[in-house]
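Residue-level structural notes
Okay, here's what each chain looks like letter by letter:
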Amino acid sequence: MILEARNLGWSVRGRAIVSNVDLAVREGETLGLVGPNGSGKSTLMRLLAGIVRSTSGEVRIRGQKLHGMPRRQAAQLIAFLEQQAETTEAISVRDAVELGRTPWLTPLQPWSDEDDRVVRQALADTDMEGFECRSWATLSGGERQRVHLARALAQQPQLLLLDEPTNHLDIQHQLSILKLVADLPITSVVALHDLNQALGCDRVGMMSAGQLVALGPPRDILTAERIAAVFGVRATIVVDPEDGTSIFRFHTA
Amino acid sequence: MNFCSARPTRASRLGRGAMGAAALFAAVLAGTCIGETPIPVLTVLQTLANKIFGAAHVVDPIDVGIIWNYRLPRAIVAACCGAGLAVSGMVLQSLLRNALADPYLLGISAGASTGAVAVTVAGLGAGAVSMSLGAFIGAVTAFLMVALLARAAGGGVTLRGTGQIVLAGIAGSQLFNALTSFIITKSANAEQARGIMFWLLGNLSGARWPDVWLAVPVAIVGLGACIWYARALDAFSFGAESAASLGVPVRVVQVVLIGLTALVTAVMVSIVGSIGFVGLVIPHAARFLVGVRHGRLGPATALIGAVFLIAADVLSRTIVPGQVLPIGVITALVGAPAFALILVRGRRRS
Ligand SMILES: Nc1ncnc2c1ncn2[C@@H]1O[C@H](COP(=O)(O)OP(=O)(O)OP(=O)(O)O)[C@@H](O)[C@H]1O
Ligand SMILES: [Mg+2]
């Protein structure tokens, strides 16, 4: 058990945004998080990353309480890719990816060749080699997303929290990023909107109105009835003649 | 310019540091030589050798007086104020992610002027408190009020509340500016009002050695903190939440750095008045020249700020013969077109 949340909740001005979440993330798995807009996926991720303090319950990473752990130590374990993170600074792609090394550096322990190697590898993994010197403002939305992912990878975490990592990506890069995340020997929690992509995760958690309403193997969780109840759409199952895999097709209810 | 070139080696970093130190020394030297009565560089160097290393060069005692008692401390104080204000502005711009942030954003210059006016015009402290001390107390009071207001307004529930700090600063500045105007219109005579006006725009003519001993350590501590936290400041590029997820203790860094910039600014303002423009524009100029990474940006900002303020001070003393202009007038008059030039050239380059 790498990450464990017990009775986790966060409320603001008396309104519960996330409540009663019990979740145990297993070593090495890719856990998909699905749910409608505003169901609390991003908030849950921020709580799991420890950058927002829960108002009830607790998060433990490798048995240690996340709250109260020095930020630096937490960031060596957990990397968080935000749903949106923009800058007006004229930073280059390499600068942005190098930020991922922040938790591993101190003023007395400066940049080393090893850090250079990690950054190069992260750029290669996200197919962003050759972009090192481009300035942030000149990147397309998908390129920005890939740089953010490279930054998270450069953090060399044991747990990756990815909030809609396929946002803005073309289909080829969506698939290659998901494959990369699945193949990495890292545990990851991934918020996704494409339910067919969620089928490819090891387990899926479904959020609805701030609660984790279901958690388990994708085929058990993503049923037509539950999709109808949570998303308000009708889902039918289609079989791909090439390999017999079933996928969803959606219709307005 | 390509900021993506190979990482500087230790030797090239040392080389750059040495070049920076040399530029600073040259600027201080120039600030000491140039004036209404120009003094040859050799005389200045000989005087320095006599005073510092106990050498026995023969120098005109009048020159020695001008150099040692007036121009040298003045140039050093100018360098420290330029560096301190520019670095403070840079830190606030990075932390608050606001390109328009400057060291006076947090109500410091407004508070300082209220303090100075309260002492000189309203006679607060009954002569026991100097104008500088009054200004410093006013500056710190205003900053504390702004900080409390920002906190009360929820500047920290999530990591997104930097807007509250800016708004609280505006409210605080308005309040203290109104207080200053109130005191001036109620009790100042025309002569006092003119003197205060001059002080508000910045004035280095009172700078002596005791000011140097105050300004130098403060400027060094300010720059040192900025270098120590350089990576943390870099991590704020994508906002405070992103910095937190990169392992930066956001609250601690914000409190330490905002507190320190407030202190540095308050000290500088109480020595020389509120010199505008430097804290806002020098950091941007430095970004154009060396890029946005704080490990390089901090020292570059400090150096440019120091050299710029020495130059502005020299101009303010020499541009109108027989008259010293407020340095704030020069920083804006010279600085604005210079900055416009950098903007235009930077645009062409990218
Ligand atoms: N600081 C806040 N104050 C008030 N409401 C908030 C705050 N943060 C989030 N919310 C609300 O909480 C709900 C959950 O937000 P969250 O961003 O977690 O949703 P999400 O599941 O990630 O949605 P999406 O799919 O659109 O990304 C939303 O209704 C949002 O408006
Ligand atoms: Mg979201």
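Below is a short write-up of the structure. (Residues numbered from 1 in each chain as written. Chains lettered and ligands numbered in written order. Predicted model: local features only at pLDDT ≥ 70, side-chain atom pairs only at ≥ 80, totals over all residues. Heavy atoms only, no water.)

Broken down by element type, chain A carries nine helices and 12 strands. Here chain A has a C-alpha radius of gyration of 19 Å; the compact-globule value for 253 residues is 18 Å, and the two agree. Overall size of chain A, expressed as C-alpha extent along the three principal axes, is 55 × 45 × 35 Å. In chain A, which comprises 253 residues, the share counted as buried stands at 53%. Once local pairs closer than 6 in sequence are excluded, the contacts in chain A between residues at least 24 apart make up 63%. Summing over all exposed atoms, chain A offers an accessible surface of approximately 11,500 Å²; the carbon and sulfur share of this is 49%. Of the side chains in chain A, 26 bear a positive and 30 a negative charge, and the two mean positions are spaced by 8 Å. (Helix = DSSP H or I, 4+ residues; strand = E, 2+ residues; numbered from the N terminus. Rg over C-alpha atoms; globule rule 2.2 N^0.38 Å. Buried < 20%, exposed > 50% of the residue type's maximum accessible area, 1.4 Å probe, protein only. Contact = heavy atoms within 4.5 Å. Areas by Shrake-Rupley, 256 points an atom, 1.4 Å probe, with all protein chains shown as cover. Lys, Arg positive; Asp, Glu negative; His and termini not counted. Charge placed at Lys NZ, Arg CZ, Asp CG, Glu CD.)

A few words on the site of ligand 1. All names here are of chain A. Neighbouring residues of ligand 1: 15 residues in total, closest Gly38, Lys41, Ser42, Thr43 and Gln83. Note that an oxygen atom of ligand 1 is positioned 2.9 Å from one of the side-chain N or O atoms of Gln83. Elements with a minimum of two residues in the shell around ligand 1: β1 (3-12), β2 (15-25) and α1 (41-49). When residues of the shell around ligand 1 are assigned to their parent elements, the largest contribution, three residues, is made by α1. For the shell around ligand 1, the per-class residue count stands at four nonpolar, eight polar and three charged. (Near = heavy atom within 4 Å. Polar contact = N/O pair within 3.5 Å; in protein donor to acceptor, adjacent residues only side chain to side chain. Nonpolar A, V, L, I, M, F, W, Y, C, P; charged D, E, K, R; others polar.)

This part covers the coordination of the magnesium ion (ligand 2). Residues and elements named next belong to chain A. Donor atoms from the polypeptide that coordinate the magnesium ion (ligand 2) comprise Ser42 (OG) and Gln83 (OE1), at 1.9 to 2.1 Å from the metal. Here Ser42, found in helix α1, pairs with Gln83, found in the loop between β6 (78-81) and α3 (93-98); they are 41 residues apart in sequence, far enough to count as distant. Judged by its relative accessible area of 31%, Gln83 is partly exposed. (Donors = N, O, S within 2.8 Å, 3.2 Å for Na, K, Ca; no water.)

Below, the discussion takes up the pairing of strand β3 (residues 30-34) of chain A. All names here are of chain A. Within β3, five of the five residues are buried, which leaves it mostly tucked inside the rest of the structure. Burial of β3 is two-sided: the residues Thr30, Gly32 and Val34 facing one way and the residues Leu31 and Leu33 facing the other way are all buried. Both β3 and strand β8 (residues 187-191) contribute to a ladder of four bridges, which runs parallel. Within β8, the residue paired with Thr30 across the bridge is Ser188. Relative to strand β9 (residues 203-208), β3 runs parallel, the two being bridged by four bridges. From the neighbouring strand, Val34 faces β9, where its bridge partner is Met206. (Pairing = 2+ DSSP bridges.)

Our focus in this paragraph is the packing of aromatic side chains. On inspection of all chains with the given rule, the structure shows four aromatic pairs over all chains. Pairing Trp68 of chain B with Trp209 of chain B gives two aromatic rings, centres 4.8 Å apart and planes at 40 degrees, and the pair type is tilted. Here the residue Trp68 of chain B occupies a position in helix α3 (residues 61-96), and Trp209 of chain B occupies one in helix α8 (residues 209-228), the gap between them amounting to 141 residues. Of the two residues, Trp68 of chain B and Trp209 of chain B, neither departs from the other in class, the shared state being buried. The ring of Phe238 of chain B carries the charged tip of Arg151 of chain A above its face, separated from the ring centre by 5.1 Å. (Phe/Tyr/Trp six-rings, centres within 6.5 Å; stacked < 30°, edge-to-face > 60°. Lys NZ or Arg CZ within 6 Å of the ring centre and 35° of its normal.)

These figures capture arrangement, not role.
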